[in-house]
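Remarks on the overall topology
Listed below are the residues making up each chain.
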Amino acid sequence: MAAPRVVVFDAIETLFSLDPLRAPLRAADAPETALDTWFARLLRDAFALTVAGGYATFRPVAEGALRSVLADHQVPATDELVEELFATFSTLPIHADGPPALEAVVDAGIPVYVLTNGTRKTTEQLLQNAEIDHLVDAVVTVHDTGRWKPAPEPYLHAVRIAGVHPSEAALVAVHGWDICGARSAGLRTGWCSRLEHHLSPALGPADATGTSLLEVVQVLLDS
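My aim in this report is to walk through the structure given alongside it, one point at a time. (Residues numbered from 1 in each chain as written. Predicted model: local features only at pLDDT ≥ 70, side-chain atom pairs only at ≥ 80, totals over all residues. Heavy atoms only, no water.)

Taken as a whole and judged by the stated rule, the model has 6 aromatic pairs. Considering the side-chain rings of Phe 58 and Phe 89, the 5.4 Å spacing of their centres and the 90 degrees angle between planes classify their relative orientation as edge-to-face. Placement of Phe 58 in helix α3 (residues 58-72) and of Phe 89 in the loop between α4 (79-88) and α5 (98-107) is noted, with a sequence separation of 31 residues between them. Residue classification places Phe 89 among the buried residues on the basis of a relative accessible area of 8%. Over the aromatic face of Phe 86 sits the side chain of Arg 59, whose NZ or CZ is 4.0 Å from the ring centroid. (Phe/Tyr/Trp six-rings, centres within 6.5 Å; stacked < 30°, edge-to-face > 60°. Helix = DSSP H or I, 4+ residues; strand = E, 2+ residues; numbered from the N terminus. Buried < 20%, exposed > 50% of the residue type's maximum accessible area, 1.4 Å probe, protein only. Lys NZ or Arg CZ within 6 Å of the ring centre and 35° of its normal.)

Tallying each qualifying case throughout the model produces 15 salt bridges. Note that Asp 10 is salt-bridged to Lys 149, the shortest N-O span being 2.8 Å. Of this pair, Asp 10 sits in strand β1 (residues 6-10) while Lys 149 sits in the loop between β3 (138-141) and α7 (152-162); the two residues are 139 residues apart in sequence, bridging distant segments of the chain. Neither residue differs from the other here; Asp 10 and Lys 149 are each classed as buried. Here Arg 22 ties to Glu 32 by a salt bridge, and the two come within 3.9 Å at their closest N and O atoms. On the criterion of sequence distance, the pair formed by Arg 22 in helix α1 (residues 22-27) and Glu 32 in the loop between α1 and α2 (34-51) is long-range, its members being 10 residues apart. Linked through salt bridges whose partners overlap, the residues forming this network are Asp 19, Arg 22, Arg 26, Glu 32 and Asp 36. (Salt bridge = Lys/Arg side-chain N within 4 Å of Asp/Glu carboxyl O.)

Moving on to the environment of Val 6. Along the chain, Val 6 falls in strand β1. The exposure class of Val 6 is buried, given its relative accessible area of 3%. Residues Val 6 and Ala 28, spaced 22 residues apart in sequence, show a C-alpha to C-alpha distance of 43 Å. If we ignore the near neighbours within four places in the chain, the residues touching Val 6 are Ile 110, Pro 111, Tyr 113, Ala 162, Val 164, Glu 168, Ala 169 and Ala 170. (Contact = heavy atoms within 4.5 Å.)

This is how it looks when you write it as C-alpha cells:
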C-alpha cells in the first residue's frame, strides 16, 4: 500500500498536553483525578449530543462538564477558576514527539492537517506557540460540520478540504475512539499508545501503531 497523500493529526492529547490544567484544579482542592474526569465527561456529553442529533460548541460543553465535576467534589466553580482554566487551553505545551512527527511527514512531501474538537482560534494559537504552524497546511474544526468526532462528518470534511479521497488520508491520534471514527469514515489510521497503552479491539485495529507519534508516522510513510 502506498503512503497516504495527506496526514491528519488530532490536536488535544495527541499533539498538545492537558497537564497544565492540573495545577489550577489542585489549587482549588479538586482531586488529582479531576482533570481526567473532566475531559472524559466533556467527551461523553459531546458524544451524547452528537448521537441524539444535537450540537453545541466547545465552550458550553466543556464548561458544563467542568462545573459538573467540580460539584462532585464540592469545589466552588468560581468565575476566576473557570476563566483561568479556559485561558490555559491556549497555552498547552506540545508533546515532545509532535514536532519530529510533523517534520517527517512534511519532509516526505505530504501535507499535514490538524482536525480538532476544539476551536480553530485556540488550535492555531497552540501551533504558533509551539513554532510548528509552518508545518500545518490547515486547521479543521468539527464546528465547521456541527458534529463532534467521532461522527464521520468531521473526517470527511477534512479530506474534502485536503482534496483527497478518504482512503488516501491517514488520521494520527492517541484516542481509540478517534481511530474508530476515522476508520469508519474510510480513512487509514495511526494509533500512538502514549496515552491509552492498549487499543480496544472493539475500536481498532489501526493501520499503524507505535509508542510515539514519530514511530506511527514512520510506519505510515513506509507502508
